Amino acid sequence: MSLFDWFANRKKTGSMAQERQERDIAEGLWTKCPECGVLTYTKDLLSNQLVCIECGHHMRVDSDERIRQLIDAKTWMPMDEHLAPVDALKFRDRKPYSDRLREYQEKTGFADAVQTGLGKMDGLPVALGVMDFQFMGGSMGSVVGEKLTRLAEKATRERLPLVIICASGGARMQEGMLSLMQMAKISGALERHRQERLLYIPVLTHPTTGGVTASFAMLGDLIISEPNATIGFAGRRVIEQTLREKLPEEFQTAEDLQSHGFVDLIVPRTQLKKTLAQLICLHQPQSPLSHRLSLPQMELSNMVSQ
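Residues numbered from 1 in each chain as written. Predicted model: local features only at pLDDT ≥ 70, side-chain atom pairs only at ≥ 80, totals over all residues. Heavy atoms only, no water.

## Overview of the overall build of the protein
Threshold: A run of H or I in DSSP counts as a helix once it spans at least four residues, and a run of E counts as a strand once it spans at least two, with each numbered from the N terminus. Only protein chains enter the accessibility calculation, which uses a 1.4 Å probe. A residue is then buried if its area is under 20% of the maximum for its type, exposed if over 50%, and partly exposed in between. By definition, residues are in contact when any of their heavy atoms lie within 4.5 Å. Only the protein chains shown count as cover for residues, and the accessible areas themselves come from Shrake-Rupley with a 1.4 Å probe.
A tally of helices and strands in the protein yields 11 helices and nine strands. With 306 residues in all, the protein has 43% of them scored as buried. If you take every contact in the protein between residues at least 6 apart in sequence, the share linking residues at least 24 apart comes to 66%. Carbon together with sulfur atoms contributes 53% to the accessible area of the protein, which is approximately 16900 Å² in total.

Okay, structure coming up:
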């Protein structure tokens, strides 16, 4: 080996080691925004509730983190944690549904795609359901439907406001008709909640589609969305193939739905807890509002009148 080759190999080995070291250091410490590509210190990103500091892109949040963002510390009381799905239809696609369930349960640590419970939001009691897209795309199966129904019924009995954070690809095909039945079941529970003149607010996050959009996601007294969330029933490609025309870029975005009256308010995640607490406070009978409200009075008045 010549002296030149020895130095070349040493330089190559050194650069590879440095690259590997930099990669190890960066692992978990920095997060790259999928929208603008900017690297952000993960702790700073978490303190900003996983919203990109550079471009404002709302990154996907799991249900545990969402509960931490919305519920006051040490007030969360989970419900129905023991409920777990079963493979009633013995469904199999590329693998048995039972195996798929087991994989996602081990991967996420959750029994299914939703967490429900009671807690306080800025000191106000609330019933909260949080869907988790990490578990089979947040698909709505029997357990998701049962837990949300029980949550709505609990909120009705306790006369609590109900908030559901929606994030789903729709009904779970592996459960067939059993999954589709959940749309009617949850909707029935929400109707009984409405008849008691109690507040229900769905919060639509990216993405909210399919049977979830076709049922409880659009049945709120006030419908809130995060910025740029994808909201719809059928997929964009299916609609384009059916209509045989190109859809506009903003189609099925939260902003587009708000312009057509399907969404009442678009709220950045960093303002979501404060806004929800203000709206809940506004709907509480005989509650002092003047020191708590900071949203424009005209905007709030318009939402309430609707």
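## Things to note about the UniProt feature "binding site: Zn(2+)" (unreviewed entry) in the protein
Rule in force here: UniProt positions are given in the numbering used here, feature names are shortened, and annotations may be inferred rather than shown by experiment.
Per the UniProt record, "binding site: Zn(2+)" (unreviewed entry) is annotated on Cys-33, Cys-36, Cys-52 and Cys-55. These annotated residues cover 23 residues of sequence, and their C-alpha atoms all fall within 8.7 Å of one another, placing them together at a single site. In this structure, Cys-36 sits in the loop between strand S1 (30-32) and strand S2 (39-41). Ignoring any residue separated from it by four or fewer positions in sequence, one finds Cys-36 in contact with Cys-52, Glu-54 and Cys-55.

## Focus: helix H6 (residues 176-195)
Keep this limit in mind: One less than the number of residues in a helix, times 1.5 Å, gives the span that helix is expected to have.
Taking 1.5 Å per residue as the helical rise, H6 with its 20 residues ought to reach 28 Å, and the 30 Å between its terminal C-alpha atoms agrees with that figure. Within the sequence span of H6, burial applies to Ser-179, Gln-182, Ile-186, Ala-189, Leu-190 and His-193. At the exit of H6 stands Arg-197, carrying a positive phi of roughly 60°.

## Topic: helix H5 (residues 142-158)
Here H5 is 17 residues long and its end C-alpha atoms lie 24 Å apart, about the 24 Å a rise of 1.5 Å per residue gives. Taken residue by residue, H5 has Val-143, Val-144, Gly-145, Lys-147, Leu-148, Thr-149, Leu-151, Ala-152, Ala-155 and Thr-156 as its buried positions. Each element contacted by the buried residues of H5 is listed here: strand S3 (77-79), strand S4 (114-121), strand S5 (124-131), strand S6 (162-168) and H6.

## Considerations on the nonpolar core
Cut-off, in case you're wondering: Take the buried Ala, Val, Leu, Ile, Met, Phe, Trp, Tyr and Cys residues and link them wherever side-chain atoms come within 4.5 Å; each set so joined is a nonpolar core.
Formed by 34 residues in total, the largest nonpolar core has its most connected members in Leu-162 and Phe-216. Contributions of two or more residues to this core are made by helix H4 (97-108), S4, S5, H5, S6, H6, strand S7 (200-208) and helix H9 (254-259). The element contributing the most residues to this core is H5, with five residues. Look past the residues within four positions of Leu-162 in its chain and what remains in contact with it is Ala-127, Leu-151, Ala-152, Ala-155, Leu-190, His-193, Leu-199, Tyr-200 and Ile-201.

## Overview of the packing of H5 against H6
Here is the rule we go by: Interaxial angle, 0 to 180 degrees, is taken between N-to-C directions of lines fitted to C-alpha atoms, where a helix line uses only the stretch in contact. Each angle is binned into one of four classes, with values under 35 degrees roughly parallel, values over 145 roughly antiparallel, values of 65 to 115 roughly perpendicular, and all other values oblique. Side-chain classes follow a simple rule in which Ala, Val, Leu, Ile, Met, Phe, Trp, Tyr, Cys and Pro form the nonpolar group, Asp, Glu, Lys and Arg form the charged group, and the remainder, Gly included, forms the polar group.
At a minimum axis separation of 9 Å, H5 and H6 run at an interaxial angle of 5°. In this view, H5 runs roughly parallel relative to H6, as classed from their interaxial angle. Touching Ser-142, Gly-145, Glu-146, Leu-148, Thr-149, Ala-152, Glu-153, Ala-155 and Thr-156 of H5 are Leu-178, Gln-182, Lys-185, Ile-186, Ala-189, Leu-190, Arg-192 and His-193, all from H6. Across the contact of H5 with H6, the residue classes break down as seven nonpolar, six polar and four charged.

## Re the pattern of salt bridges
Side chains that differ in sign of charge can pair as their charged atoms come close. Applicable threshold: Put simply, a salt bridge is a Lys or Arg side-chain nitrogen that is within 4 Å of an Asp or Glu carboxyl oxygen.
As enumerated under the stated definition, the model contains 17 salt bridges in all. The partner of Arg-192 in a salt bridge is Glu-153, and the shortest N-O contact between them spans 3.4 Å. You can see Arg-192 sitting in helix H6 and its partner Glu-153 sitting in helix H5, a full 39 residues away along the chain. For Glu-153, a relative accessible area of 29% translates into the label partly exposed.

## What about the side chain of Thr-213?
Filter applied, for reference: Polar contact is the term for a pair of N or O atoms within 3.5 Å; when the atoms are in protein, one must be able to donate a hydrogen and the other to accept it, and sequence-neighboring residues count only if both atoms are side-chain atoms.
By the element assignment, Thr-213 lies in helix H7 (residues 210-213). Among the polar contacts listed, one links the side chain of Thr-213 to the backbone oxygen of Gly-232, at a separation of 3.0 Å. Sequence-distant contacts of Thr-213, that is, excluding residues within four places in its chain, are made with Thr-208, Met-218, Ile-231 and Gly-232.

## With respect to the environment of Pro-207
Topologically, Pro-207 is positioned in strand S7. Classification of Pro-207 by relative accessible area gives buried; the value is 10%. Sequence-wise, Pro-207 and Ser-168 are 39 residues apart; in three dimensions their C-alpha atoms are separated by 6.1 Å.

## Thoughts on the sheet that holds strand S9 (residues 265-266)
Definition in use: Strand pairing requires that DSSP identify at least two bridges connecting the strands.
Ordered by their spatial adjacency, seven strands build an open sheet running S3-S4-S5-S6-S7-S8-S9, and the pairing between neighbours is mixed. The two strands at the open ends of the sheet, each matched to only one other strand, are S3 and S9. Bridge count for strand S8 (residues 224-225) against S9 is two bridges, and the pairing is parallel. Looking across to S9, one finds that Ser-225 is bridged to Ile-266. In the packing of H5 onto the sheet, contacts are made with S3, S4, S5 and S6, and the angle to S4 comes to roughly 25°.

## Quick word on the confidence of the model for the protein
Note the following rule: Confidence per residue, as judged by the predictor, is encoded in pLDDT with a range of 0 to 100.
Mean pLDDT over the protein works out to 88, with 84% of the residues at or above the 70 mark. Here residues 289-298 is modelled with pLDDT under 50, and outside its nearest four sequence neighbours on either side it reaches 14 contacts, counting other chains as well.

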